[in-house]
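Observations on the model geometry
Residue-level listing of the chains:
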Amino acid sequence: MRLILNKIECDKEPSPVTYNFELLQEFNYSNEGWGITYDGNCLIMSDGTSTLHFLDPETFEEISQIEVHENDIPVTKINELEYVQGEIFANIWLTERIARINPLTGQVTGWIDLKGILSPEDCSEKVDVLNGIAYDIKNNRLLVTGKFWPKLFEIELIKEEMESKNDRALERCNFTIQGTNSKN
Ligand SMILES: [Ca+2]
């Protein structure tokens, strides 16, 4: 498989924004390519299993791996990734859940439940899986969308009370619509 890294240039004038892409480098990797994010030091890639691969961003050599798990049980189908304030956020393929993962241990420290984020109206035309998570560092905003979703949502996490000490934190979220026609 091949991953192509692009440099994005943003030209604010004239409106609307124009993007120019330039191929910088190519590299091969042996796993399936599902999601990718960057923690400021390494590229972090998912491959649809419970494994996350940490790659050197210059040489693309694999430096380390972690196994995502909750209570010693592997959490598989790790899909889209986003590095958010020292944690990895990852959606689980075919679900409306995002796992919060400790990047050092792979332990799932909490879940974000996006159930109900799409209204029946949003689903009037074909929508597919949740598969987009983005973090706007500058404005501390968390954005989510999915394949063929008609909208991009900004979500705000709300902590729920844990019933016992052993329960992992479950967070619901408020959401506001940030845009339409995400065409993810
Ligand atoms: Ca992302």
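All of the points below concern the structure found in this document.

Conventions adopted
- Residues numbered from 1 in each chain as written.
- Predicted model: local features only at pLDDT ≥ 70, side-chain atom pairs only at ≥ 80, totals over all residues.
- Pairing = 2+ DSSP bridges.
- Helix = DSSP H or I, 4+ residues; strand = E, 2+ residues; numbered from the N terminus.
- Axes fitted to C-alpha atoms, helices over the stretch in contact; angles between N-to-C directions.
- Buried ≥ 20, exposed ≤ 12 C-beta atoms within 10 Å, placed from the backbone.
- Core = buried A, V, L, I, M, F, W, Y, C linked by C-beta atoms within 7 Å.
- Contact = placed C-beta atoms within 7 Å.

Spatially, β3-β4-β5-β6 is the arrangement adopted by the 4 strands of the open sheet, whose pairing is antiparallel. Taken across any chain shown, the strands that pair with only one partner, and hence form the sheet edges, are β3 (35–38) and β6 (62–67). Taken pair by pair, the neighbouring strands of this sheet meet at an average axis angle of 20°, ignoring direction.

Now for the environment of leucine 143. For leucine 143, the location among the structural elements is in strand β14 (residues 141–146). As a C-alpha pair, leucine 143 and isoleucine 155 span 12 residues in sequence and 6.1 Å in three-dimensional space.

Among the 6 residues in strand β10 (residues 87–92), 5 count as buried, and that is most of the element. Here strand β9 (residues 78–84) runs beside β10; their pairing, made up of 5 bridges, is antiparallel. Each bridged residue has a counterpart across the sheet, and for tyrosine 83 the counterpart in β10 is isoleucine 88. Bridging between β10 and strand β11 (residues 97–101) involves 4 bridges; their strand directions are antiparallel. The residue of β11 that forms the bridge with asparagine 91 is isoleucine 98. If you look at the hairpin formed by β10 and β11, you'll find 4 residues sitting between the two strands, and leucine 94 has a positive phi there, around 70°.

Moving on: the nonpolar core. What tends to happen in soluble globular proteins is that the nonpolar side chains get buried as a cluster. The biggest cluster of nonpolar side chains holds 27 residues, and the ones touching the most others in it are Ile44, Val68, Ile88, Ala90, Ile98 and Ala99. Counting residues per element, this core draws most heavily on β10, at 4 residues. Once residues lying within four places of it in the same chain are set aside, the contact partners of isoleucine 44 are Ile36, Thr37, Asp39, Leu52, Phe54, Leu81, Tyr83 and Ile88.

With a phi angle near 50°, asparagine 71 is a residue other than glycine that sits in the positive phi range. Mapped onto the elements of the fold, asparagine 71 is located in the loop between β7 (69–70) and β8 (73–74). On the basis of neighbour count, asparagine 71 is assigned to the exposed category, with 9 C-beta atoms found within 10 Å. Of note in the backbone geometry, glutamine 85 takes a positive phi value of approximately 45° without being a glycine. With respect to the helices and strands, glutamine 85 occurs in the loop between β9 and β10.

Shape is all these values report; function is a separate question.
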